Amino acid sequence: MRSLLMRGRGLRGSVAALLMMGLTTAAGAADPIELISNGSFELGVAPWISTGNLVLEADAGRLCADVPAGTASPFEVIAAQFGLGLVAGEQYRLAFKASGSSPQAISLLVQDEGPPFATSLFRTQGLVPAAQEASYYFVAPASSPAAFYFFVGGSSEPWRFCVDDVSLLSATSYTPDTGSRVRVNQVGYLPFGPKAATLVTEASDSVAWQLLDDSGHVVMRGRSQPRGIDPTSGLNVHQIRFDQFHNKGKAQRHGTGFTLVADGEASHPFDISDQIYRTLRADSLAVFYTQRSGTPIEGAVAGAAYARDAGHAGLPPNLGDVGVPCQPAEVSLPIYGEPWTCDYTLDVDGGWYDAGDHGKYVVNGGIAVAQLLSTYERSREAPSAERGALGDGSLRVPESNNQVPDVLDEARWELEWMLKMQVPAGKPLAGMVHHKVHDFGWTGLPLAPAADPNYRELHRPSTAATLNLAAAAGQGARLFRKYDRAFAKRLLDQARIAFDAAQANPNHFAPAADGANGGGPYDDSDVSDELYWAAAELYITTGEPQFRRAVLASPHHTGDVFDIEGMYWGSVAALGRMHLATAKTRLHGRERVVRSVLEGANAVLALAKAQAWGQPYAPVSGRWGWGSNSQILNNLMVLGTAYDLSGHAKYRDAVLEGMDYVLGRNALNISYVTGYGDVFSQNQHSRMYSAQLDGRLPHPPVGTIAGGPNSDIQDPVAQQLLAGCLAQLCYIDDIESWSTNELAINWNAALGWVASFLADQGAGDCE
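Everything numeric here is computed off the predicted structure, so don't read it as measured data. (Residues numbered from 1 in each chain as written. Predicted model: local features only at pLDDT ≥ 70, side-chain atom pairs only at ≥ 80, totals over all residues. Heavy atoms only, no water.)

## Some thoughts on the packing of helix α12 (residues 590-609) against helix α13 (residues 628-646)
Okay, so step 1: With their axes 9 Å apart at the nearest point, α12 and α13 run at an angle of 130° to one another. On the basis of the axis angle, α12 is oblique to α13. The hand of the α12/α13 crossing is left-handed. Within the contact between the two elements, α12 uses Val594, Val597, Leu598, Gly600, Ala601, Val604 and Leu605 and α13 uses Asn635, Val638, Leu639, Thr641, Ala642, Leu645 and Ser646. (Axes fitted to C-alpha atoms, helices over the stretch in contact; angles between N-to-C directions. Helix = DSSP H or I, 4+ residues; strand = E, 2+ residues; numbered from the N terminus. Parallel < 35°, antiparallel > 145°, perpendicular 65-115°, else oblique. Left-handed = near helix turned anticlockwise from the far one by under 90°. Contact = heavy atoms within 4.5 Å.)

## Topic: unusual backbone geometry
Okay, so step 1: Residue Ala46 is joined to Pro47 through a cis peptide bond whose omega torsion reads 10°.
Okay, so step 2: For Tyr522, which is not glycine, the phi torsion reads 45° and is therefore positive.
Okay, so step 3: Mapped onto the fold, Tyr522 is located in the loop between α8 (485-504) and α9 (528-542).
Okay, so step 4: Phi at Ile713 is positive, roughly 30°, even though this residue is not glycine.

## Structural notes on the nonpolar core
Okay, so step 1: Ranked by internal contacts, the top residues of the largest apolar core, which has 135 residues, are Tyr277 and Met659.
Okay, so step 2: Apart from residues no more than four positions distant in its own chain, Tyr277 is found in contact with Asn185, Gly188, Leu190, Leu656, Met659, Leu663, Ala755, Leu758 and Ala759.
Okay, so step 3: Counting 35 residues, the second-largest nonpolar core is a separate cluster that includes Leu35, Leu56, Leu86 and Val152. (Core = buried A, V, L, I, M, F, W, Y, C linked by side-chain atoms within 4.5 Å. Buried < 20%, exposed > 50% of the residue type's maximum accessible area, 1.4 Å probe, protein only.)

## Brief notes about helix α11 (residues 573-582)
Okay, so step 1: With nine of ten residues buried, α11 lies mostly within the body of the structure.
Okay, so step 2: Among all positions of α11, only Ala573, Ala574, Leu575, Gly576, Arg577, Met578, His579, Leu580 and Ala581 are buried.

## Quick look at the sheet that holds strand β1 (residues 49-50)
Okay, so step 1: Spatially, β1-β4-β9-β6-β7 is the arrangement adopted by the five strands of the open sheet, whose pairing is antiparallel. Either end of the sheet is taken by a strand with one partner, and the two such strands are β1 and β7 (119-127). (Pairing = 2+ DSSP bridges.)

## Let's talk about the pairing of strand β14 (residues 208-212)
Okay, so step 1: One ladder, built from five bridges, connects β14 with strand β15 (residues 218-223); its direction is antiparallel. Its bridge partner lying in β15, Leu211 is registered against Met220.
Okay, so step 2: Hairpin connection from β14 to β15: five residues lie between these consecutive antiparallel strands, with Gly216 at a positive phi of about 85°.

## Focus: the confidence of the model for the chain
Okay, so step 1: Per-chain confidence: the chain averages 92 in pLDDT, with 93% of residues scoring 70 or above.
Okay, so step 2: Confidence drops under pLDDT 50 across residues 1-32; counting only partners more than four residues distant or on other chains, this segment forms 40 contacts. (pLDDT = per-residue confidence, 0-100.)

## Regarding a nonpolar patch on the surface
Okay, so step 1: On the surface, Leu319, Phe440 and Tyr455 cluster together into a nonpolar patch covering about 280 Å² of accessible area.
Okay, so step 2: If you trace the backbone, Phe440 turns up in the loop between β25 (436-439) and β26 (456-458).
Okay, so step 3: Residue Phe440 is classed as partly exposed on the basis of its relative accessible area, which comes to 31%. (Patch = residues over 30% accessible without salt bridge, like charges linked within 9 Å, V, L, I, M, F, W, Y side chains within 5 Å. Areas by Shrake-Rupley, 256 points an atom, 1.4 Å probe, with all protein chains shown as cover. Salt bridge = Lys/Arg side-chain N within 4 Å of Asp/Glu carboxyl O.)

## With respect to the packing of α11 against α13
Okay, so step 1: α13 packs onto α11 with a crossing angle of 15° between their chain directions and a minimal axis gap of 10 Å. Taken together, the axes of α11 and α13 are roughly parallel relative to one another. Considering the relative orientation of α11 and α13, their crossing is left-handed. Of the residues in α13, those touching α11 at Met578, Ala581 and Thr582 are Met637, Val638, Thr641 and Leu645.
Okay, so step 2: By residue class, the composition of the contact of α11 with α13 is five nonpolar, two polar and no charged. (Nonpolar A, V, L, I, M, F, W, Y, C, P; charged D, E, K, R; others polar.)

## Some words on the sheet that holds strand β8 (residues 132-139)
Okay, so step 1: One open sheet accounts for five strands, arranged β2-β3-β10-β5-β8; its pairing is antiparallel. The sheet terminates laterally at β2 (57-59) and β8, the two strands that pair on one side only. The mean inter-strand angle of the sheet, taken between neighbouring strand axes irrespective of direction, is 35°.
Okay, so step 2: Sheet topology places strand β3 (residues 62-67) next to strand β10 (residues 159-170); five bridges connect them, and they run antiparallel. By the bridge assignment for β10, Val67 is matched with Trp159.

## Describing the side chain of Arg665
Okay, so step 1: Along the chain, Arg665 falls in the loop between α14 (649-662) and α15 (716-722).
Okay, so step 2: Here Thr198 takes part through its side chain, which lies 2.8 Å from a polar atom of the side chain of Arg665.
Okay, so step 3: Those residues in contact with Arg665, other than ones at most four positions away along the chain, are Arg183, Val184, Asn185, Ala196, Ala197, Thr198, Gln239, Ala612, Trp613, Gly614, Glu657 and Asp660. (Polar contact = N/O pair within 3.5 Å; in protein donor to acceptor, adjacent residues only side chain to side chain.)

## Observations regarding the state of the cysteines
Put plainly, two cysteines are in a disulfide when a covalent bond ties their sulfur atoms together.
Okay, so step 1: All chains considered together, the criterion is met by three disulfides.
Okay, so step 2: Sulfur-sulfur distance for the disulfide between Cys64 and Cys162 comes to 2.1 Å. The sign of the S-S torsion, about 115°, decides the handedness of the disulfide formed by Cys64 and Cys162: right-handed. Highlighted residues: Cys64 in strand β3 and Cys162 in strand β10, separated in sequence by 98 residues.
Okay, so step 3: Assessed through its relative accessible area of 0%, Cys64 is described here as buried.
Okay, so step 4: Given a relative accessible area of 6%, Cys162 falls into the buried group.
Okay, so step 5: Residue Cys326 pairs covalently with Cys342 via a disulfide, S to S 2.0 Å. Judged by the sign of its S-S torsion, about 95°, the cystine formed by Cys326 and Cys342 is right-handed. Of the two residues, Cys326 sits in the loop between β21 (324-325) and α4 (329-336) while Cys342 sits in the loop between α4 and β22 (345-346), which places them 16 residues apart along the sequence.
Okay, so step 6: For Cys342, a relative accessible area of 18% corresponds to the buried category.
Okay, so step 7: In the chain, the cysteines engaged in disulfides, taken in order along the sequence, are linked 1-2, 3-4, 5-6. (Disulfide = S-S within 2.5 Å.)

## What about the pairing of strand β16 (residues 225-230)?
Okay, so step 1: Note that β16 and strand β17 (residues 235-241) share five bridges and pair antiparallel. By the bridge assignment for β17, Gly228 is matched with Val237.
Okay, so step 2: What sits between the antiparallel neighbours β16 and β17 is a turn of four residues, in which Gly234 has the positive phi angle 75°.

## Some thoughts on the environment of Phe151
Okay, so step 1: Here Phe151 lies in strand β9 (residues 144-151).
Okay, so step 2: On the basis of relative accessible area, Phe151 is assigned to the buried category, the value being 0%.

Quick look at the structure:
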């Protein structure tokens, strides 16, 4: 980003030179609030100017121009407007509609006209043939005349650029467009399941509501239940319930369907169907294929937009993951307090890219692969599971039709990589597992994995990573026995080695300081929960006494492991507890284990019932954490497991209502799953899926979940726009907002588990 800004500053002189050469602007009266003159182009193209290689035209009320081919960078072809009077410290909103005759990437710059050329806004914007709206907020760093630039060069082929409704307004604060005040699950509801909506209203007394079918006929009426001011959103809300309506119907996206009408507002349309989660099950699990490293992504499998070359395979300019060295001692010394390196390289290609960057992390891969394995294990064991729903041919993976369930094929891709991260025999810390591998230095967006020029490093082995391998491989061993006994044996053998190595090296912690140079730290100084989880998986798989003793000796076995704020990669004891409860073992006191899961679910259930929006998440502090959507989904896993153990519908219904929040029944009226609902997250932080920055690239795959509201708003975009936000409002669907809008494999793994659970529930009428 810094180099691009410097290049933008260097252009200031060239644009001034163009003005000196006779490019003139037409006089226009400036609105005291609207800073852009003739942004609707009703008066032609003046006062807009351009470089000599771009001819601006008025075309059907738009500004259009034919962009020449063969320029090397965006900054060689420019359209601009000068004389914008910005005031230091004031917030502004830039908005426009733009299109390209072919998918393109352009750059935007708002910069002072004179030295030191202070930059107010620099962003990249993707264009496609259909005109799309874009808006950006910024705070002016100085009071001075400024200029606004469209940089549209850099294409090898000619194309046509069009823009309309350009506006630069002073804005007291960022206000999200939340649409209708009637908030529903924009995907739909099961016919005999719970059906709830939330109404945002100023009314203190109940209000009338109507449920309309796709013909506009009223099929049910009622009155709302006031819930008062919701502390997570600061909104006065009512609850609407229409549980007793069981008729099926279909909502067409951007078309007709069931709608709720209340207080003069109509909701987004939605389905009532027993099929609504089947597609989401497949889509959410198929996301992992497009996250694969070390292999070409086949367009015939993933869709043409997602086809790409193998990432980190060692083909220039990429240095690859095929022979990665350890961090040198001089780098690791200030991080760890003691010198550490290794005298070997490892082939660590494969696995999944963790999130929006190109790093691969064992501890996050561990919980993600475990949740995929658990999704499959549940599908063959749980009473309500649809047998065969996750069999061979059920997902979009290249291994389909190999007589192995597709979700196991996908899990194997990560398990194979985790095994490669193990320290070889005969080396110091043999059997331990390297914590992570990633670039030396953060890379910018967008960047295809195959084009990543940075060199990669193995980071020091950690006890947490080692136990993650022991747990995930131990679980995988029992599931692969039927399909590949040799691989199952290899998993179990390496899991044993890892378990022993972790016990011999119990205090090798990944430090928080190892997160400043190219990858997240995933630091964790308490690995007792990982030890419990690993022991549980190995005991379930083998039944051996040493693992049973490790389970029973753990303080987590009798402790409360169900934090109502949700489990995550750094707190995994709940995974071990739930698997011990659902597995058919001879563990002494198994009844108490089962009871503890139900007690944990009861706490989550009580929390969800207390929320006006129905979500099973509300930290006592009032501050929502990074990846809050995954915390919600992980709590839904606890509720779903309780349903599997007890058959009590209250747990299943709570999963359904919790999913309502994820799919649109929330303060922002947005579905956090790409492609699901009328309004959904689609600009998640990702170097690969960067359509917001480059129209030639795709949005994240359908079925990708966004991280969700994060009270700590660590990224600059969120800090500028969301300062002082209440919990549910601390989110923006912007690719640069990595703290609220990233994607991650563990978040999608939890979504896959929950979607699969709900797909199994049919009409929602079984106890």
